[in-house]
Amino acid sequence: QVQVVESGGGLVQAGGSLRLSCAASGIIFSNCAMGWYRQAPGKERELVATISTTGSTTYAVSAKGRFTISRDNAQNTVDLQMDSLKREDTAAYYCRVWAGRGDYWGQGTQVTVSS
C-alpha cells in the first residue's frame, strides 16, 4: 500500500520559517523523484519545488532563494524548509511522488502566514 503523509504545517508570522516533511511508504523511495506543490483557495495547484533521484532540485521563481527541498532516502522523507515566509505563501502544501507507473499525492498540510 502506497502512503504519502505530509506534516509540519501551521500558522506562522510573515518573515518566519516552517519546515514541512513528507513521509512515503509502499514505494522504492530512492527510485522516485519527489515534489512539493501548493494550492490556495480558488487558485490552481502550482509547483513549488522538485528533487530528483540524484538530488538535483528545481524551484518556482516565487520559492527560489527562500525555500529548500531535500530528501533523506534512509528515512524515506522529503522536506521543504521555508524561510522568509510571505502572506502569499499561504496555501495547502502537497507532497507528490513520481513512482514510474503513476503519481501519488499526500493529503496536504496547511500553511498560513499572517501579517
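As the structure is a computational prediction, the values presented were derived from the model and not from experiment.

On to the state of the cysteines. Under the criterion given, the structure shown has 1 disulfide. Disulfide pairing is shown between cysteine 22 and cysteine 95; the S-S distance is 2.1 Å. Between cysteine 22 and cysteine 95, the S-S torsion sits near -80°, and that sign places the bridge as left-handed. Here cysteine 22, found in strand S3 (residues 18-25), pairs with cysteine 95, found in strand S9 (residues 91-98); they are 73 residues apart in sequence, far enough to count as distant. Of the two residues examined, cysteine 22 and cysteine 95, each falls in the buried class. A disulfide-free cysteine, cysteine 32 has its sulfur positioned 10 Å from the sulfur of cysteine 95, the nearest such atom. The exposure class of cysteine 32 is buried, given its relative accessible area of 3%.

What follows is about the pairing of strand S8 (residues 77-82). Burial runs high along S8: 6 of the 6 residues are buried. What you see with S8 is no split at all: Thr77, Asp79 and Gln81 on one side and Val78, Leu80 and Met82 on the other are buried throughout. Pairing of S3 with S8, which is carried by 6 bridges, proceeds in the antiparallel orientation. Residue leucine 20 lies in a different strand from S8, and its bridge partner there is leucine 80. Sheet topology note: the strand S7 (residues 67-72)/S8 ladder contains 6 bridges and is antiparallel. Counterpart to threonine 68 in the pairing with S8 is glutamine 81. Between S7 and S8, which pair antiparallel and follow one another directly, the connecting turn spans 4 residues, one of which, asparagine 76, has a positive phi of 55°.

Another point: the sheet that holds S3. Backbone hydrogen bonds hold the strands of a sheet together, and the pairing may be parallel or antiparallel. On the basis of which strands lie adjacent, the open sheet formed by 4 strands has the order S1-S3-S8-S7 and antiparallel pairing. Among the strands making up the open sheet, the edge pair consists of strand S1 (3-7) and S7. Averaged over all neighbouring strand pairs, the angle between strand axes comes to 15°, with direction disregarded. The sheet contact formed by S1 and S3 spans 5 bridges and is antiparallel. Within the sheet, the bridge partner assigned to glutamine 3 lies in S3 and is serine 25.

About the thresholds
Residues numbered from 1 in each chain as written. Predicted model: local features only at pLDDT ≥ 70, side-chain atom pairs only at ≥ 80, totals over all residues. Heavy atoms only, no water. Disulfide = S-S within 2.5 Å. Helix = DSSP H or I, 4+ residues; strand = E, 2+ residues; numbered from the N terminus. Buried < 20%, exposed > 50% of the residue type's maximum accessible area, 1.4 Å probe, protein only. Pairing = 2+ DSSP bridges. Axes fitted to C-alpha atoms, helices over the stretch in contact; angles between N-to-C directions.

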